[in-house]
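Residue strings, one per chain:
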Amino acid sequence: MALTCSVLIIFLSLTLVSTATARPIYPLPSKISNGIRKPLQTSRPYNIAHRGSNGEIPEETAAAYMRAIEEGADFIETDILSSKDGVLICFHDVTLDNTTDIAKHNEFTNRKRTYDVQGVNTTGFFTVDFTLEELKTLRVKQRHPFRDQQYNGKFSIITFEEFIAIALDASRVVGIYPEMKNPVFINQHVKWPGGKRFEDKFVETLKKYGYKGSYMSKDWLKQPVFIQSFAPTSLVYISNMTDSPKIFLIDDIDIPTQDTNQSYWEITSDAYLDYIKNYVVGIGPWKDTVVPVVNNYLQTSTDLVARAHSHNLQVHPYTYRNEEMFLHYNFHQDPYEEYDYWINTVGVDGLFTDFTGSLHNFQEWTSPLSKNDSGDDRASKLLNKIALLITSYKN
């Protein structure tokens, strides 16, 4: 479960250094030569490392993403927010309270604020009130008390660029799955030169590091990315800026969209799916809305997956977790049974998981990839088959 000694030493040395600029601490991409890298697998549902391997290591940290890659993630997923000075960072909550040691920093006591966040007055220490230099002095901690606490205080908040560097410098092709998080709130509190919006800076960063191309294109397979958001207007806005594939996230049935105030029932209707498919390649629903749950038992599945597929949309539900409090009784406390159900019965196309290794192990046992799962190898096998056919014809 723990990282190796050498990896810990590397990350401790990286995160204990503070920086006064926006330059990433982690080495920039392309500084390390990996030669020919093993390609992204595309023959089975995607293993999406939700905030990294955060079931083991504090979420959205470099160590959590490195661990997820080690465990076999196809994509590493992150939430993108902004600092006060407009630097894009990897962090889930708009407030720092739940997953950092902000409470120990007396120098920031006067920074507590109350803001409206999606119609709710929220009090805390907000990322938008801290510069990147200040954010880098904080240390991240595990969100859940029932998970491993040994890494609390060892890792810092990372930037979007540092996150990208981790993926691009992996020894194999690893996709990224960044979310434009709370764009309405960010655009209200952070201003960029030239009237640019949060979404503009988000896409600029992706383009800076070579992320481009439609789904399954040559460019996309080289540097895979899914752009995700709960805000449909943000997805529509960036559609003229990038052809990278986008995923429309769908919240619980009682939570309207943050930007358009549309209900769950409206955004999952056939009419809306027919509209949004012009801008996205898939949807990312909360799994308990796809298959409702009563008293911790699964009920009859909805037809959302079938209807999405009929509109040529992928379905990537969230979030799969190993702990017993997250496993419905139908699965007998066995996360592999849950994966089996969602992959082989419901038929989803990707899964957001806190435990990348568990999903990877399940898929390797049930639908193992070829040791040489690359386009060149497949092409070579095809040529061999053709040669055999020609030989048999001559004979």
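Thresholds, definitions, all that
Residues numbered from 1 in each chain as written. Predicted model: local features only at pLDDT ≥ 70, side-chain atom pairs only at ≥ 80, totals over all residues. Heavy atoms only, no water. Helix = DSSP H or I, 4+ residues; strand = E, 2+ residues; numbered from the N terminus. Buried < 20%, exposed > 50% of the residue type's maximum accessible area, 1.4 Å probe, protein only. Salt bridge = Lys/Arg side-chain N within 4 Å of Asp/Glu carboxyl O. Polar contact = N/O pair within 3.5 Å; in protein donor to acceptor, adjacent residues only side chain to side chain. Contact = heavy atoms within 4.5 Å. pLDDT = per-residue confidence, 0-100. Pairing = 2+ DSSP bridges. Phe/Tyr/Trp six-rings, centres within 6.5 Å; stacked < 30°, edge-to-face > 60°. Core = buried A, V, L, I, M, F, W, Y, C linked by side-chain atoms within 4.5 Å.

Draft legend 1. Spatial organisation of the overall build of the protein. Helix and strand counts for the protein stand at 15 helices and 14 strands. Burial statistics for the protein: of 395 residues in total, 53% are counted as buried.

Draft legend 2. Highlighting the pattern of salt bridges. Per the counting criterion, the structure on display carries 23 salt bridges. Between E56 and R67 there is a salt bridge whose closest N-O contact spans 3.1 Å. One end of the pair, E56, is in the loop between β1 (46–49) and α2 (62–71); the other, R67, is in helix α2, and eleven residues separate them in sequence. R67 shares its class with E56; the two are buried. Linking E199 and R197 is a salt bridge whose minimum nitrogen-to-oxygen distance equals 3.1 Å. Accessibility expressed as a relative area gives 31% for R197, which makes it partly exposed. Overlapping salt bridges, with partners in common, bring together R51, E59, D93 and R143 in one network.

Draft legend 3. Here's a closer look at the side chain of H316. Of note, H316 is situated in the loop between β13 (314–315) and α13 (335–346). Classification of H316 as buried rests on a relative accessible area of 0%. Here Q314 takes part through its side chain, which lies 2.8 Å from a polar atom of the side chain of H316. If near-sequence neighbours (up to four positions away) are discounted, H316 is found in contact with Y46, I48, Y177, F226, I247, I283, G284, P285, D349, G350 and F352.

Draft legend 4. Quick peek at the confidence of the model for the protein. Considering every residue of the protein, the mean pLDDT works out to 90; 85% of them sit at 70 or more. Of the regions scoring below 50 in pLDDT, residues 1–25 engages in 40 contacts with residues more than four places distant in sequence or in other chains. Note on residues 372–383: pLDDT under 50 across the span, and seven contacts to partners over four residues away in sequence or across chains.

Draft legend 5. Representation of the environment of L206 within the structure. For L206, the position within the fold is in helix α6 (residues 198–208). Given a relative accessible area of 3%, L206 falls into the buried group. With 46 residues separating them along the chain, L206 and F160 place their C-alpha atoms 9.2 Å apart.

Draft legend 6. Quick peek at the pairing of strand β14 (residues 350–353). Both faces of β14 are covered, namely the face carrying G350 and F352 and the face carrying L351 and T353. Looking at chain direction, β1 and β14 are connected through four bridges and run parallel. Bridging across to β14, Y46 finds its partner in G350.

Draft legend 7. Spotlight on the pairing of strand β10 (residues 282–285). By the alternation rule, side chains of β10 split into G282 and G284 and I283 and P285, which are all buried. When strand β9 (residues 246–250) meets β10, the two strands line up parallel, connected through four bridges. From the neighbouring strand, I250 faces β10, where its bridge partner is P285. As defined by bridge partners, β10 adjoins β13 across two bridges and the pair is classed as parallel. The residue bridging I283 from the neighbouring strand is V315, located in β13.

Draft legend 8. Structural view of α2. The element α2 is extensively covered by neighbouring structure, given that eight of its ten residues are classed as buried. For α2, the set of buried residues is A62, A63, A64, Y65, R67, A68, I69 and E71. The positive-phi residue at the C-terminal boundary of α2 is G72, with phi of around 110°.

Draft legend 9. Inspection of the packing of aromatic side chains at higher detail. Under the counting rule described, the total for this entry stands at 36 aromatic pairs. On the basis of an interplanar angle of 85° and a centroid distance of 6.0 Å, the ring pair of F75 and Y177 is categorised as edge-to-face. Placement of the pair is F75 in strand β2 (residues 75–82) and Y177 in strand β7 (residues 175–180), with a sequence separation of 102 residues. Residue Y177 is classed as buried on the basis of its relative accessible area of 0%.

Draft legend 10. Highlighting the nonpolar core. Ranked by internal contacts, the top residues of the largest apolar core, which has 95 residues, are I76 and W342. It is helix α4 (residues 160–168) that contributes the most residues to this core, six residues altogether. If we ignore the near neighbours within four places in the chain, the residues touching I76 are A49, Y65, A68, I69, F163, A167, V174, G175, I176 and Y177. Judged by nonpolar contacts, the second largest core, of five residues, contains I57, A63, A64 and Y151.

Draft legend 11. Looking closely at unusual backbone geometry. With an omega of -10°, the peptide bond running from Y318 to T319 counts as cis. When you line up the elements, T319 lands in the loop between β13 and α13. Of note, the phi angle at N182 is positive, near 45°, even though the residue is not glycine. The residue N182 is located in the loop between β7 and α5 (183–189) in this model. Using a relative accessible area of 8% as the deciding quantity, one classes N182 as buried. Backbone geometry at N296 places phi at a positive 70°, although glycine is not the residue there. By the element assignment, N296 lies in the loop between β11 (293–294) and β12 (297–298). Classification of N296 as partly exposed rests on a relative accessible area of 21%.

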